[in-house]
Amino acid sequence: MVCTLGLIAWLSDDVWAAVVGALVEVILGWWALTLYFSRRSDLNAVVEKIDELIEGLAADSAKYWLRDNSSISIEDRTQLEARIKTTVPHILSWGSLIRLNYATIPNELRLSLQDLQVACTGGDFESVGRKADTRRYIRIVNLCHEVERDLHALKPAVWRLFWRHRRVANLR
Amino acid sequence: MKTISIAKDFSDVPWGRYPSDGPYCGQNFRERLLTPALRSNEKVVVLLDDVEGYGSSFLEEAFGGLVHKDSFATSELEKKLMIVAHGPKYQLDRDIAWRYIKEAGDRLAAA
């Protein structure tokens, strides 16, 4: 009788330990998954912001590089030049937010952004006698696609799940 | 050692390549500040920060022009010139400036 009771108590201790262990595992797993998907959703929000900037850059580049200076007013030209030359550095600021909080930025993406800035603001950019440059515009569009493709391939790094430098609230 | 802050010593809105594009163009920066500093100092530090933005045309004329117009060797510039950028967006400009210096050197070597 005593032995049976002891066996039941021992078993029930074991069962409880197993139940508690399983529960803790489930809760931790659920927490980690929620954290991962929340971080992934934040990363997607930043990527969407960058997508908007890239689309704007492609549109501005079309207005700028497909026409000679003589066919754009000075005011419009200055606006386009200011917007074009500040967009890629602005994208890089978002990129450093991604690097600090979500994912490693691959070197190819850095180089594509550098190429994009050179293509958008090189050559006769800001020059008085600038002529339309279709080849340059096509290069810009290709680089925009490359940057977008590399951006959408980013995934949150696991080691970034539990550490972030800055809160990025209000992005979604 | 000489330090040149583009924002403080030249303009916080550098613009264009040639003087016909405006007074704060790449050619004027190179001819008035950068080349004389490199000729008379052992080491020159150029600070890129605090400017509203650079066009690559400005950077090409200012830094690439050191090689293809003012006849500095790339190896000499690697020793004498230090381009400093603190903010992430200026680090792109620093990389582009060095890229233009190296491309100009490669073009000269190939010619």
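All figures in this text were calculated on a predicted structure; none of them were measured in a lab.

With respect to the overall build of chain A
Helix and strand counts for chain A come out as four helices and zero strands. Taken from N to C terminus, the helices and strands of chain A fall in the order α-α-α-α. Going through the 172 residues of chain A one by one, you find that 41% of them count as buried.

Things to note about the environment of A:Arg99
You can see A:Arg99 is positioned in helix H2 (residues 74-101). Taking the C-alpha atoms as reference points, A:Arg99 and A:Trp30, 69 residues apart in sequence, are found 25 Å from one another.

Concerning the interface of chain B and chain A
Listed by partner, the interface residues are 20 residues for chain B and 22 residues for chain A. Roughly 1,600 Å² of surface becomes buried between chain B and chain A when both sides are summed, with 54% attributable to carbon and sulfur atoms. Sorting the residues of chain B by area buried against chain A places B:Trp15, B:Leu92 and B:Arg99 first, and these three jointly supply 35% of that buried surface. The interface formed by chain B and chain A includes one salt bridge.

A few points about the layout of surface pockets
Each pocket or cavity is described by its volume, and for the largest pocket that value is around 360 Å³. Along its surface, the largest pocket is lined by 21 residues, and A:Leu92, A:Arg110, A:Leu113, B:Pro88 and B:Gln91 are the ones closest to its centre. Residues belonging to the lining of the largest pocket are distributed by class as follows: twelve nonpolar, five polar and four charged.

A few points about helix H5 (residues 88-110) of chain B
Between its first and last C-alpha, H5(B) extends 33 Å over 23 residues, near the 33 Å set by a 1.5 Å rise per residue. Residues B:Tyr90, B:Leu92, B:Asp93, B:Ile96, B:Ala97, B:Trp98, B:Tyr100, B:Ile101, B:Ala104 and B:Gly105 constitute the buried set of H5(B). Contact partners of the buried residues in H5(B): H2 and helix H3 (107-121) of chain A together with helix H3 (56-68), helix H4 (74-80) and strand E3 (81-84) of chain B.

Some remarks on the nonpolar core
Nonpolar side chains in soluble globular proteins generally cluster together in the buried interior. Core analysis: the largest hydrophobic core is formed by 66 residues, its most contacted members being A:Ile98, B:Phe29, B:Leu34, B:Phe63 and B:Leu81. Tallying contributions element by element places helix H1 (residues 2-65) of chain A first for this core, with nine residues. The contacts of A:Ile98, once residues within four sequence positions are left out, are A:Leu43, A:Val46, A:Ile50, A:Ala103, A:Ile105, A:Leu151 and A:Leu154.

A closer look at the environment of A:Leu111
Inspection of the secondary structure assignment puts A:Leu111 in helix H3. With a relative accessible area of 45%, A:Leu111 lands in the partly exposed category.

With respect to the pattern of salt bridges
If you walk through the whole model with that rule in mind, you get 14 salt bridges over all chains. For A:Asp133, the salt bridge goes to A:Arg136, with nearest N and O atoms at 3.3 Å. What makes A:Asp133 partly exposed here is its relative accessible area of 25%. Among the ionic pairs, A:Asp150 bridges to A:Arg149, the shortest N-O distance being 3.2 Å. A relative accessible area of 14% places A:Asp150 in the buried class. Linked by salt bridges that have partners in common, B:Arg17, B:Arg30, B:Glu60, B:Glu61, B:Lys69, B:Asp70 and B:Arg107 make up one network.

About the thresholds
Residues numbered from 1 in each chain as written. Chains lettered and ligands numbered in written order. Predicted model: local features only at pLDDT ≥ 70, side-chain atom pairs only at ≥ 80, totals over all residues. Heavy atoms only, no water. Helix = DSSP H or I, 4+ residues; strand = E, 2+ residues; numbered from the N terminus. Buried < 20%, exposed > 50% of the residue type's maximum accessible area, 1.4 Å probe, protein only. Contact = heavy atoms within 4.5 Å. Buried area = accessible area lost by both parts, 1.4 Å probe. Salt bridge = Lys/Arg side-chain N within 4 Å of Asp/Glu carboxyl O. 1 Å grid on protein atoms, 1.4 Å probe; cavity = no way out; pocket = protein on both sides within 12 Å on 5 of 7 lines; lining within 4 Å. Points joined across faces, edges and corners; volume = space filled by probe spheres on them. Nonpolar A, V, L, I, M, F, W, Y, C, P; charged D, E, K, R; others polar. Expected span 1.5 Å × (residues − 1). Core = buried A, V, L, I, M, F, W, Y, C linked by side-chain atoms within 4.5 Å.

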